[in-house]
Every structure is written in structure tokens, then in C-alpha cells.
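One-letter residues, chain by chain:
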Amino acid sequence: MADIRTYNVVVLGIGFLFIFTAFTTCGNIEQTVVKSLNGTNFTGSGYHSLGIIYGVFSFCNVLAPTIVAIIGPRFTMFFSGILYSGYIAVFIIPSTWSFYFTSVVIGIGAAMLWTAQGHFLVENSDASTINRNTGLFWALLQCSMLFGNLYVYFDWKGKTEISDKDRKIMFTALLVISALGTLSFLALRKVCQLEDALSEEEGQSLLSARLIYTQRATSAVTEAKTEFKTIVELLKTKTIMLLSFCMAYSGLELSFYSGVYGTCIGATTYFGDAAKGLIGISGIVVGIGEIIGGGLFGLVLKNNRFRRTSVVFLGMVVHFVAFYLIFLNIPDDAPVVFQTSSQHKPYLAPSVSIALLCSFLLGLGDSCFNTQLYSILGRAYAEQSAPAFAIFKFIQSIFAAVAFFYSGYILLKWQLLVMVIMGFIGTLCFFMVERMQNMSADTQEF
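Residues numbered from 1 in each chain as written. Predicted model: local features only at pLDDT ≥ 70, side-chain atom pairs only at ≥ 80, totals over all residues. Heavy atoms only, no water.

1. Some thoughts on the packing of helix α2 (residues 46–60) against helix α5 (residues 96–123)
Reasoning step 1: Look at α2 against α5: their axes get within 8 Å of each other, and the N-to-C directions meet at 35°. The crossing of α2 and α5 is right-handed. The segment α2 lies against α5, with Gly-46, His-48, Ser-49, Ile-52, Ile-53, Val-56, Phe-57 and Cys-60 engaging Phe-99, Tyr-100, Ser-103, Val-104, Ile-106, Gly-107, Ile-108, Ala-110, Ala-111 and Trp-114.
Reasoning step 2: Among the residues making up the contact of α2 with α5, the classes are represented as 13 nonpolar, 5 polar and no charged. (Axes fitted to C-alpha atoms, helices over the stretch in contact; angles between N-to-C directions. Helix = DSSP H or I, 4+ residues; strand = E, 2+ residues; numbered from the N terminus. Left-handed = near helix turned anticlockwise from the far one by under 90°. Contact = heavy atoms within 4.5 Å. Nonpolar A, V, L, I, M, F, W, Y, C, P; charged D, E, K, R; others polar.)

2. Thoughts on the pattern of salt bridges
Reasoning step 1: One pass over the full model with this rule turns up 4 salt bridges.
Reasoning step 2: Across the pair Glu-233 and Lys-236 runs a salt bridge whose closest N-O atoms are separated by 3.9 Å. (Salt bridge = Lys/Arg side-chain N within 4 Å of Asp/Glu carboxyl O.)

3. Some points on the packing of aromatic side chains
Reasoning step 1: By the definition in use, this model includes 23 aromatic pairs.
Reasoning step 2: Ring geometry for Phe-20 and Phe-23: centres 6.1 Å apart, planes at 90°, overall edge-to-face. Here the residue Phe-20 and the residue Phe-23 both occupy positions in helix α1 (residues 2–35), the gap between them amounting to 3 residues, near one helical turn. Accessibility classification places Phe-20 together with Phe-23 in one group, the buried group.
Reasoning step 3: Residues Phe-59 and Phe-394 carry aromatic rings whose centres are separated by 5.4 Å and whose planes lie at 85° to one another, so their mutual orientation is edge-to-face. On the criterion of sequence distance, the pair formed by Phe-59 in helix α2 and Phe-394 in helix α15 (residues 385–407) is long-range, its members being 335 residues apart.
Reasoning step 4: The partly exposed category is assigned to Phe-394, whose relative accessible area is 31%.
Reasoning step 5: The lysine or arginine in question, Lys-393, covers the ring of Phe-392, its NZ or CZ lying 5.8 Å from the ring centre. (Phe/Tyr/Trp six-rings, centres within 6.5 Å; stacked < 30°, edge-to-face > 60°. Buried < 20%, exposed > 50% of the residue type's maximum accessible area, 1.4 Å probe, protein only. Lys NZ or Arg CZ within 6 Å of the ring centre and 35° of its normal.)

4. Focus on the environment of Thr-269
Reasoning step 1: Mapped onto the secondary structure, Thr-269 falls in the loop between α11 (238–266) and α12 (275–300).
Reasoning step 2: The class for Thr-269 is partly exposed, based on a relative accessible area of 39%.
Reasoning step 3: Sequence separation between Thr-269 and Pro-350 is 81 residues; the distance between their C-alpha atoms is 9.2 Å.

5. Some points on helix α7 (residues 144–156)
Reasoning step 1: In this model, α7 (13 residues) spans 19 Å end to end at C-alpha, consistent with the 18 Å of a helix rising 1.5 Å per residue.
Reasoning step 2: Looking only at α7, the buried set comprises Ser-144, Met-145, Gly-148, Asn-149, Val-152, Tyr-153, Asp-155 and Trp-156.
Reasoning step 3: Just downstream of α7 lies Gly-158, where phi reads positive at about 85°. (Expected span 1.5 Å × (residues − 1).)

6. Let's talk about the environment of Glu-123
Reasoning step 1: Along the chain, Glu-123 turns up in helix α5.
Reasoning step 2: Classification of Glu-123 as buried rests on a relative accessible area of 16%.
Reasoning step 3: The spatial distance from the C-alpha of Glu-123 to the C-alpha of Val-191 is 7.8 Å, given a sequence separation of 68 residues.

7. Points about the environment of Leu-252
Reasoning step 1: Summarising the element assignment, Leu-252 is placed in helix α11.
Reasoning step 2: The buried category is assigned to Leu-252, whose relative accessible area is 5%.
Reasoning step 3: Between the C-alpha atom of Leu-252 and that of Ala-400, which follows or precedes it by 148 residues, the distance is 5.1 Å.
Reasoning step 4: Discounting chain neighbours no more than four positions away, the residues touching Leu-252 are Phe-399, Ala-403, Tyr-406, Val-418, Met-419 and Met-422.

Below you can see the structure in the form of C-alpha cells.
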């Protein structure tokens, strides 16, 4: 039994590694690729597409648990993987309608995929293995930021324009990678629990199978209603209200490091022929920052409640330093230019070293905020963790969607200013919640 569960967790991690190697790389280079299509009939925006994905994802999280409960996590993940692959395939022969249609579809698929992943991970873990299995899965997932971006660097190095041939080769490769990840879900094996008993009943007659699935659907709908009511109640609590500012900031900076900053580097004229290849290197360095931060702050400082505020404060400082250096190093019009290169001059002569340092700081700071948000939510809502995390993902995704929509219209300095203001308010609110939690713990001990 233990061997089957470990096998399932490894296969699950490998499947996500492949799918998100393709999708993360796609998101990083998407706006740059879209700008290269200006001479065609294609009129889509990579920022708008990512905004649609996160917006649909946030709302579909409410319905996803019901779907997973009815059809099961394995089939849900396989079906969702097909939707991810379909989105990537659109870039091979792009058209505006299919681009936006698959953006909506992949938002739905993302909600189902992540809900099924959590369900399947818990199903294959117990109290003694949940931390190990979660760590193993996330370690494999974070590596997805490395491999695809490394391919971008070697394939685009020295190219000032992305040709149709370059685009088709790149996204065909990403499509194959995503398809392999999707197919790997078929290798997941059932854990011998309730499914064995159900399979005996299902073998008796077609009618009994229908009754079983009807019962599953009824139970899932009832649970969904209960969870929705819990979410509404939690939204009224002071803790969630305060933490919502920090969650919102995590959404803003998520959109910036995952889609906007790479586009800015690729549009910086001063980087010359190296600009497009640097998008890949930037994605790799962001991933390194995430992995180091996640390992250090998610595991080493995991059980020390007094360190949470220190880690979040460090995350704020690291991000503010990165924002200031980006303000000085990157042209102000880099995220909004319709041509493939910026026209404005930055305050300093753009430096590749500073640009990549900022990539690392963005990844490191993001891991500071996310690990501690997960930690404080897990502590404050130990008995209501699922609804609390659902609220987190909802708020984070909504603000990521909003940020993607305005990123193509607002100059870089104003985008950075919005993140500085929200980051400061979010950090302050996090400190207030941590103090409330500590005072509550001290009162209970007394």
C-alpha cells in the first residue's frame, strides 16, 4: 500500500512537472510571441489571455470540488491536462477567437486540476507521510520553471525577432511536453480503499452504478453548499479581511514576475540580440529564487510562529529593492510597447546582471509571502483549512487577473508603485493578524 502511494505521488509530481514546464514557459514568453504576430490578422493580447485564465480560475474554484467528487481525481486531471495542451496548441496556428476561447477553457481546467491534485495527494497520504509527500510534489513542480525556460534561452539566443518557424518549433515542443504530462496521469493507480467496495457494487448491475454516481453527485452538491456557506462566513472575519490585502498583493506580484517582467526584458532595446534569450534565463532565475525561498522559509522555519513576521518583512524588503532596481534598469514603456522593442531610455544603462538579480529577488520575495500565508492560514483555520485556502486562491487569482488586464496599458513605474503601496499595506495587515493570533494563543494558555 505504501509503495503504491509513493509511486502515485511521484507520478503525480512528474505529470505536473511536464504540464507546467509547458504552461509556465508559455506564460513567460506569451506577450513577446503575441507582439511578433502584429503583421497578421491576429489581434489578441497575451496579458488579456492570462487575465482571463486567472479570472475564470478564481470563480470556477467554487464548482471544481463538485466535479472532482463526481468523476474522480484521476480522470479530472487527465481531462484538465488535455485542456492545458489545447491552449498551448493554439500558438502553433494562432487565431484570435481560439486564443481567447482556450483562455476561458484552461481557466476552468486549472480549477479542476488543482482541486483534483489536492484531493489525490491527500488520498495517497496519511498523518506520517503528508509533509514528505507535499514536499516531494512541490519540489518536482518548482523544477518546471527551469527546463522550459532553459530551452527558450538556447533557442532564442541572438534573435531579435521571433519568426513563424521559431514560434511553431517552440510551441510544438511545449505541446509534446504537456501531452506527456497529461498521459502520465493514466499511469496513476487506485488506492485500495472505498473504490474496491464500489467496484463490486458496480459490477452487479448498470442500475446500481447509476445509483452510486447519483449518490456521489448529491453528496458532492451538499458538501459544496456547506463549504460555500463557510467561505461566506469566513469572509466576514477580521482575520480574513486583514489578510486579504496580503493575498491581493501576492496576486499582483504573481502576474508581474510570471508574465510582465519577462516581457519587459525581451522588449529592452539595450540588451540587443540577447534580449529574447534573456526571457528564458530570467524565468530560470525566478524559479531558483522560488526553490531556495520555499525550501528555506517553507521547511526550515515552518513551525516557528515568531519567524513568520520576519519572513514576510524580508519578502517586502526584497521585493522593494527589486522594484527600485527595475525602475532604474528597465525602460518605462517596456510592458506596453506594441513594437517588439522599447523606445524610452531608463535612468541607468540597462544591465543584464541587475535584471537577473531582480528576477531572483522577485522569486525569493514571492516564496516569502506565499509560504507564510499558507502557514498563518493553516494555524488560524486548522479546522476550516479548505475554505480558507479557497478564499486565498480566489483573492490572489482575481488580483492577478486585474493586474494582467492593466499591464498592457500602464507604464512600468505606475505598475511598480501600485505593488509598493499594496505590498506595504499587505505586510502591515499581516503583522496585525500575527499579533492577534499570538495574543489569542497567550490568552488560551493563560
